[in-house]
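Residue-level listing of the chains:
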Amino acid sequence: MKITSIRPIIVGDVRNFLFVIVETDEGLCGLGEGGITWRESAMAGFIEALRPSLLGQDPMRTEHLWQVMLRCGFFPPGRLGLAAISAIDIALWDIKAQALAVPLYQLLGGRVRDRVVCYPHVAGPNPASLVEDARRKVAEQWRFVRFDLPCWNEVFEPRRAVREGVELFAAVREAVGPEIELVIDVHTRLDPANAILLCRELEAHRPYFVEDPLRSENPASLRRLREQTSVPIAMGEQHATKWEFREMIENDWIDFARVDLCIAGGITETMKIAGWCETHYLPLAPHNPLGPVCTAASLHVDLAISNFAVQECARPPGAVLSELFPEQVPFERGHLLPPTRPGLGITFDESAIRRYPPIQDGDCPRFRRDDGAFTNW
Ligand SMILES: [Mg+2]
């Protein structure tokens, strides 16, 4: 079997998504997705740059082709390049599992669990409506809820956010009871001093984890936080490759690895990161704010690794792009379930592309401080 075509496509729904379609001379077609949101055209460009190295190659050689994609340009590809590599790697695994006529998880060791618990995004324009949304999700039988640290019309002030974030956390805990697990996402908005303050004040409310308390460029900044709080810390959604996870894992700076399959290097690299985490008894809580391909790829890994905790599921199957992906992976009451189709287990109807034109001039949310200075959104 040979790869005959690699096409990136950008489609718009609630926002833009980048997918790749890999085709073969035997008629099999694999799907992949790239995870650097708001930079879809750059990922598409990187996929096009990789194309000459892949056309004519055997798609079953996933490890070999991963190495080719990573190293053939000599210069390390960086996170954006890894998102493009991730998309192609996922598509190659989709083809391989279809060629062998098994659901993809069978090639990763088979199922170690029957279902995959997920956390949804809970939100609202004010604390009362956010608490109401949390109640609604629990009524839908989600076992987790996750919400952001507060902000005010794209203004973010760290001290106020910590103060109101702790109050919000307590209000959600009060509303949903002790058995529902709570996650608060800081979205890399705090510096170490305020992250320490937030984590220490949350300790009494037993968060499942605090997500992305710090920025990701300098993992060593986690040391101070780790030493000064007992709150479980989750990081990794911006990291690419095992090498970017290495320091956090080996120093035990995190409690959950938030691998994003569509950034970290696809299925090939996520399985290696999971193995490395296992040596430190660290579970994975994979990141996924993306579309149906990421959800499916994440599900297959979650089903096959023993050190799994919870799967982010911002857009449950069917929530976006439902005409482009008429069949998505099974989902029921806050859990993803094993697909039965060969490959990723989703279907793609290319004729529906024109119904999802890319959003033009889309830009990511832009937050500022009270004084007008730029800050992370
Ligand atoms: Mg996050």
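Residues numbered from 1 in each chain as written. Predicted model: local features only at pLDDT ≥ 70, side-chain atom pairs only at ≥ 80, totals over all residues.

## A few points about the overall build of the chain
Line of reasoning, step 1. Each helix and strand counted, the chain has 11 helices and 14 strands in total.
Line of reasoning, step 2. If you line up the chain on its principal axes, its C-alpha atoms span 60 × 45 × 45 Å.
Line of reasoning, step 3. Of all 377 residues assigned to the chain, the portion counted as buried reaches 47%.
Line of reasoning, step 4. Sequence separation of at least 24 residues holds for 71% of the intrachain contacts in the chain that already meet a minimum separation of 6. (Helix = DSSP H or I, 4+ residues; strand = E, 2+ residues; numbered from the N terminus. Buried ≥ 20, exposed ≤ 12 C-beta atoms within 10 Å, placed from the backbone. Contact = placed C-beta atoms within 7 Å.)

## Here's the deal with helix α1 (residues 40-54)
Line of reasoning, step 1. For α1, built from 15 residues, the straight-helix expectation of 21 Å at 1.5 Å per residue is met to within 8% by its first-to-last C-alpha distance of 21 Å.
Line of reasoning, step 2. On its buried face, α1 is in contact with β1 (3-12), β2 (16-24), β3 (29-34), α2 (62-71) and α3 (78-99).
Line of reasoning, step 3. Once α1 ends, the next one or two residues include G56, with phi positive near 85°. (Expected span 1.5 Å × (residues − 1).)

## As for the nonpolar core
Line of reasoning, step 1. Among the nonpolar cores identified, the biggest contains 116 residues, and I47, A87, I88 and V145 are the most heavily contacted of them.
Line of reasoning, step 2. For this core, the element with the most residues is α3, which contributes 12 residues.
Line of reasoning, step 3. Residue contributions to this core reach at least three from each of two domains, namely domain 1 (3-102) and domain 2 (106-344).
Line of reasoning, step 4. Excluding anything up to four places from it in sequence, A87 contacts L18, V20, G32, E33, G34, M43, I47 and C262. (Core = buried A, V, L, I, M, F, W, Y, C linked by C-beta atoms within 7 Å. Domains from an automatic or database assignment.)

## Here's the deal with unusual backbone geometry
Outside of glycine, negative phi angles account for most residues, and trans bonds account for most peptide bonds.
Line of reasoning, step 1. Backbone geometry places E154, a non-glycine residue, at a positive phi of 70°.
Line of reasoning, step 2. Within the secondary structure layout, E154 lies in the loop between β5 (144-148) and α5 (158-176).
Line of reasoning, step 3. Its identity is not glycine, yet T188 carries a phi of approximately 60°, on the positive side.
Line of reasoning, step 4. Among the secondary structure elements, T188 is positioned in the loop between β6 (181-185) and α6 (192-202).

## So, helix α4 (residues 127-139)
Since the α-helix turns once every 3.6 residues, residues separated by three or four places project in the same direction.
Line of reasoning, step 1. In a regular helix each residue adds 1.5 Å, so 13 residues correspond to 18 Å; α4 covers 18 Å between its end C-alpha atoms and thus fits that length.
Line of reasoning, step 2. Taken together, the buried positions of α4 are occupied by L130, V131, A134, K137 and V138. An end-on view of α4 places all buried positions within 115° of arc, on one side of the element. Facing away from the buried side of α4 by more than 90 degrees, the exposed set consists of A128, S129 and A139.
Line of reasoning, step 3. If you follow the buried residues of α4, they end up packed against β5 and α5.
Line of reasoning, step 4. Q141 sits one or two residues past α4 and shows a positive phi near 80°. (Arc of directions from axis to C-beta.)

## Overview of the pairing of β6
Line of reasoning, step 1. Counting buried positions along β6 yields four of five residues, so the element is predominantly enclosed.
Line of reasoning, step 2. Two strands pair when backbone bridges link them, and β5 and β6 are joined in this way by five bridges, in the parallel orientation. Across the sheet, V145 pairs through a bridge with L182, a residue of β6.
Line of reasoning, step 3. At this point the chain moves from β5, through α5, to the parallel β6, and the crossover so formed is right-handed.
Line of reasoning, step 4. Pairing between β6 and strand β7 (residues 209-211): three bridges, direction parallel. Each residue of the ladder has a partner; that of D185, found in β7, is E211.
Line of reasoning, step 5. Handedness of the crossover joining β6 and β7 through α6: right-handed. (Pairing = 2+ DSSP bridges. Right-handed = clockwise from strand over helix to strand, strands pointing away.)

## Describing the domain arrangement of the chain
Line of reasoning, step 1. We note that the domain assignment places domain 1 (3-102) and domain 2 (106-344) within the chain.
Line of reasoning, step 2. On a C-alpha basis, the centres of domain 1 and domain 2 stand 25 Å from each other.
Line of reasoning, step 3. Listed per partner, the contact involves 30 residues of domain 1 and 25 residues of domain 2.
Line of reasoning, step 4. Contributions of two or more residues to the side of domain 1 that touches domain 2 are made by β2, β3, α2 and α3.
Line of reasoning, step 5. Per element, the largest residue contribution to the side of domain 1 that touches domain 2 is 13 residues, and it comes from α3.

## Points about the packing of α2 against α3
Line of reasoning, step 1. Running from amino to carboxyl end, α2 crosses α3 at an angle of 165°, the nearest separation of the two axes being 10 Å. Classified by the angle between their axes, α2 and α3 sit roughly antiparallel to one another. Here the hand of the crossing between α2 and α3 comes out right-handed. Residue-level contacts link T62, L65, W66, M69 and L70 of α2 to I85, I88, D89, L92, W93 and K96 of α3.
Line of reasoning, step 2. Classifying every residue of the contact of α2 with α3 gives eight nonpolar, one polar and two charged. (Axes fitted to C-alpha atoms, helices over the stretch in contact; angles between N-to-C directions. Parallel < 35°, antiparallel > 145°, perpendicular 65-115°, else oblique. Left-handed = near helix turned anticlockwise from the far one by under 90°. Nonpolar A, V, L, I, M, F, W, Y, C, P; charged D, E, K, R; others polar.)

## Some words on the sheet that holds strand β10 (residues 311-312)
Line of reasoning, step 1. Strand order across the open sheet formed by four strands is β10-β4-β12-β11, with mixed pairing between neighbours. The sheet is open, and its two borders are formed by β10 and β11 (331-332), each paired with just one other strand.
Line of reasoning, step 2. Of the pairings in the sheet, the one linking strand β4 (residues 116-119) to strand β12 (residues 335-336) comprises two bridges and is antiparallel in character. By the bridge assignment, V116 is partnered in β12 with L336.
Line of reasoning, step 3. Lying over the sheet, helix α11 (residues 292-304) contacts β4, β10 and β12, oriented at roughly 130° with respect to β4.

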